[in-house]
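Results of the structural survey
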Amino acid sequence: KNTTQLWFRIIKVTKEPTDEERENYWEETYWTKLTAQKATETFTYKLPATDDYQLHSTELKIPPLPAGTYMVLVSANENFTTSKNMLAAQYIHVSNIAWLYSLNDFFVVNRETGKPLPKATVQIWQQGYDYNKNKYVNNKAEVY
(Lines give C-alpha, C1' and ligand atoms only; values in the text may rest on other atoms or scores of the structure.)
Protein backbone atom coordinates (compact mmCIF):
# COMPACT_ATOMS: atom_id res chain seq x y z
CA LYS A 1 0.00 0.00 0.00
CA ASN A 2 1.12 3.48 -0.82
CA THR A 3 4.64 2.81 -2.00
CA THR A 4 5.99 4.13 -5.27
CA GLN A 5 8.91 1.75 -5.76
CA LEU A 6 9.73 -1.89 -5.04
CA TRP A 7 13.09 -3.62 -4.94
CA PHE A 8 13.46 -7.22 -6.08
CA ARG A 9 15.99 -9.98 -5.49
CA ILE A 10 15.77 -13.27 -7.32
CA ILE A 11 17.54 -16.02 -5.40
CA LYS A 12 18.26 -19.50 -6.76
CA VAL A 13 17.27 -22.12 -4.19
CA THR A 14 17.58 -25.88 -4.05
CA LYS A 15 14.10 -26.39 -2.59
CA GLU A 16 11.09 -24.61 -1.20
CA PRO A 17 10.94 -24.27 2.60
CA THR A 18 9.16 -26.96 4.59
CA ASP A 19 5.79 -26.29 6.18
CA GLU A 20 7.52 -25.94 9.55
CA GLU A 21 9.91 -23.32 8.16
CA ARG A 22 7.04 -21.39 6.53
CA GLU A 23 5.06 -21.34 9.77
CA ASN A 24 7.67 -19.00 11.27
CA TYR A 25 7.13 -16.25 8.68
CA TRP A 26 6.04 -13.76 11.35
CA GLU A 27 9.40 -13.99 13.13
CA GLU A 28 12.19 -11.55 12.25
CA THR A 29 14.75 -14.39 12.14
CA TYR A 30 12.82 -15.98 9.23
CA TRP A 31 13.13 -12.77 7.17
CA THR A 32 16.73 -12.14 8.25
CA LYS A 33 17.63 -15.59 6.90
CA LEU A 34 15.86 -14.90 3.59
CA THR A 35 17.40 -11.45 3.06
CA ALA A 36 20.91 -12.77 3.79
CA GLN A 37 20.85 -15.08 0.77
CA LYS A 38 22.85 -14.14 -2.33
CA ALA A 39 20.76 -12.80 -5.23
CA THR A 40 21.28 -13.98 -8.79
CA GLU A 41 19.26 -11.03 -10.17
CA THR A 42 18.22 -7.66 -8.73
CA PHE A 43 15.97 -4.96 -10.15
CA THR A 44 13.56 -2.22 -9.14
CA TYR A 45 10.07 -1.40 -10.31
CA LYS A 46 8.43 2.02 -10.06
CA LEU A 47 4.74 2.07 -9.23
CA PRO A 48 2.30 4.87 -10.02
CA ALA A 49 1.58 7.09 -7.01
CA THR A 50 -2.03 6.77 -5.83
CA ASP A 51 -2.23 8.46 -2.40
CA ASP A 52 -5.69 6.94 -1.90
CA TYR A 53 -4.81 4.44 0.86
CA GLN A 54 -6.47 1.62 -1.07
CA LEU A 55 -5.09 -1.78 -2.04
CA HIS A 56 -3.75 -2.02 -5.58
CA SER A 57 -2.16 -4.84 -7.56
CA THR A 58 0.00 -5.07 -10.65
CA GLU A 59 1.76 -7.57 -12.86
CA LEU A 60 5.34 -7.17 -13.97
CA LYS A 61 7.89 -8.98 -16.05
CA ILE A 62 10.95 -10.48 -14.36
CA PRO A 63 14.24 -11.14 -16.16
CA PRO A 64 14.54 -14.47 -18.01
CA LEU A 65 15.94 -17.25 -15.82
CA PRO A 66 17.44 -20.68 -16.49
CA ALA A 67 15.39 -23.70 -15.42
CA GLY A 68 15.29 -24.17 -11.67
CA THR A 69 13.60 -23.12 -8.43
CA TYR A 70 13.83 -19.52 -7.27
CA MET A 71 12.62 -17.24 -4.54
CA VAL A 72 11.48 -13.78 -5.59
CA LEU A 73 12.07 -11.50 -2.60
CA VAL A 74 10.41 -8.07 -2.66
CA SER A 75 11.08 -5.11 -0.39
CA ALA A 76 9.58 -1.67 0.07
CA ASN A 77 13.08 -0.32 0.74
CA GLU A 78 16.40 -0.70 -1.01
CA ASN A 79 18.20 -2.29 1.94
CA PHE A 80 15.71 -5.12 2.53
CA THR A 81 15.65 -4.31 6.24
CA THR A 82 13.48 -6.40 8.52
CA SER A 83 12.23 -3.55 10.71
CA LYS A 84 9.76 -0.89 9.57
CA ASN A 85 9.63 -2.41 6.11
CA MET A 86 7.32 -4.62 4.10
CA LEU A 87 8.86 -7.81 2.70
CA ALA A 88 7.32 -10.55 0.59
CA ALA A 89 8.68 -13.84 -0.75
CA GLN A 90 7.30 -16.06 -3.49
CA TYR A 91 8.81 -19.33 -4.68
CA ILE A 92 8.66 -20.03 -8.41
CA HIS A 93 9.68 -22.88 -10.70
CA VAL A 94 11.12 -22.13 -14.12
CA SER A 95 10.98 -24.81 -16.83
CA ASN A 96 10.43 -25.24 -20.54
CA ILE A 97 7.11 -26.99 -19.87
CA ALA A 98 3.75 -25.30 -20.32
CA TRP A 99 0.37 -26.80 -19.59
CA LEU A 100 -3.15 -25.91 -20.50
CA TYR A 101 -6.40 -27.50 -19.50
CA SER A 102 -10.09 -27.46 -20.19
CA LEU A 103 -12.24 -29.36 -17.70
CA ASN A 104 -10.47 -32.76 -17.49
CA ASP A 105 -8.42 -32.40 -20.69
CA PHE A 106 -4.77 -31.51 -20.04
CA PHE A 107 -2.23 -30.51 -22.67
CA VAL A 108 1.46 -30.55 -21.79
CA VAL A 109 3.72 -28.84 -24.32
CA ASN A 110 7.21 -27.47 -24.81
CA ARG A 111 6.91 -23.79 -23.87
CA GLU A 112 9.16 -22.61 -26.70
CA THR A 113 8.04 -24.80 -29.60
CA GLY A 114 4.45 -25.54 -28.61
CA LYS A 115 4.98 -29.21 -29.48
CA PRO A 116 3.21 -31.75 -27.24
CA LEU A 117 5.28 -33.69 -24.70
CA PRO A 118 4.37 -37.33 -25.40
CA LYS A 119 3.34 -39.58 -22.53
CA ALA A 120 3.32 -36.71 -20.02
CA THR A 121 1.67 -37.45 -16.68
CA VAL A 122 -0.19 -34.74 -14.76
CA GLN A 123 -0.61 -35.10 -10.98
CA ILE A 124 -3.40 -32.93 -9.56
CA TRP A 125 -3.05 -31.56 -6.03
CA GLN A 126 -5.89 -30.14 -3.97
CA GLN A 127 -5.52 -27.91 -0.96
CA GLY A 128 -7.83 -28.62 1.95
CA TYR A 129 -8.05 -27.78 5.62
CA ASP A 130 -6.91 -30.54 8.00
CA TYR A 131 -8.81 -30.03 11.26
CA ASN A 132 -6.55 -32.50 13.08
CA LYS A 133 -3.44 -30.49 12.16
CA ASN A 134 -5.23 -27.12 12.28
CA LYS A 135 -3.78 -26.01 8.96
CA TYR A 136 -4.15 -26.24 5.19
CA VAL A 137 -2.47 -29.21 3.55
CA ASN A 138 -1.92 -30.33 -0.04
CA ASN A 139 -3.38 -33.71 -0.97
CA LYS A 140 -2.77 -35.78 -4.08
CA ALA A 141 -5.83 -36.05 -6.28
CA GLU A 142 -6.32 -37.47 -9.79
CA VAL A 143 -3.56 -38.41 -12.19
CA TYR A 144 -4.06 -37.76 -15.91
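These remarks concern the structure in this document. (Residues numbered from 1 in each chain as written. Predicted model: local features only at pLDDT ≥ 70, side-chain atom pairs only at ≥ 80, totals over all residues. Heavy atoms only, no water.)

Let's talk about the sheet that holds strand β3 (residues 68–75)
Read across the sheet, four strands follow the order β2-β1-β3-β4 without closing on themselves; strand pairing throughout is antiparallel. Each edge of the open sheet carries a strand with a single partner, namely β2 (41–46) and β4 (87–94). Averaged over all pairs of adjacent strands, the angle between strand axes in this sheet comes to 25°, irrespective of strand direction. Helix α2 (residues 28–35) rests against β1 (5–13), β3 and β4 of the sheet, and its axis sits at about 50° to β4. (Pairing = 2+ DSSP bridges. Helix = DSSP H or I, 4+ residues; strand = E, 2+ residues; numbered from the N terminus. Axes fitted to C-alpha atoms, helices over the stretch in contact; angles between N-to-C directions. Contact = heavy atoms within 4.5 Å.)

Examining a nonpolar patch on the surface
A surface patch of nonpolar side chains, about 410 Å² in accessible area, is lined by Tyr129, Tyr131 and Tyr136. Its place among the elements puts Tyr131 in the loop between β7 (123–130) and β8 (135–143). (Patch = residues over 30% accessible without salt bridge, like charges linked within 9 Å, V, L, I, M, F, W, Y side chains within 5 Å. Areas by Shrake-Rupley, 256 points an atom, 1.4 Å probe, with all protein chains shown as cover. Salt bridge = Lys/Arg side-chain N within 4 Å of Asp/Glu carboxyl O.)

Focus on the side chain of Arg9
Looking at the secondary structure, you find Arg9 in strand β1. One buried charged residue, Arg9, forms no salt bridge at all, with the nearest opposite charge on Glu78 at 8.9 Å. Here the side chain of Arg9 touches Thr35 through a polar contact of 2.9 Å, landing on its backbone oxygen. Those residues in contact with Arg9 that lie beyond four places of it in its chain are Thr35, Ala39, Glu41, Thr42, Met71, Val72, Leu73, Asn79 and Phe80. (Buried < 20%, exposed > 50% of the residue type's maximum accessible area, 1.4 Å probe, protein only. Lys, Arg positive; Asp, Glu negative; His and termini not counted. Polar contact = N/O pair within 3.5 Å; in protein donor to acceptor, adjacent residues only side chain to side chain.)

Nothing here speaks to function; it is all geometry.
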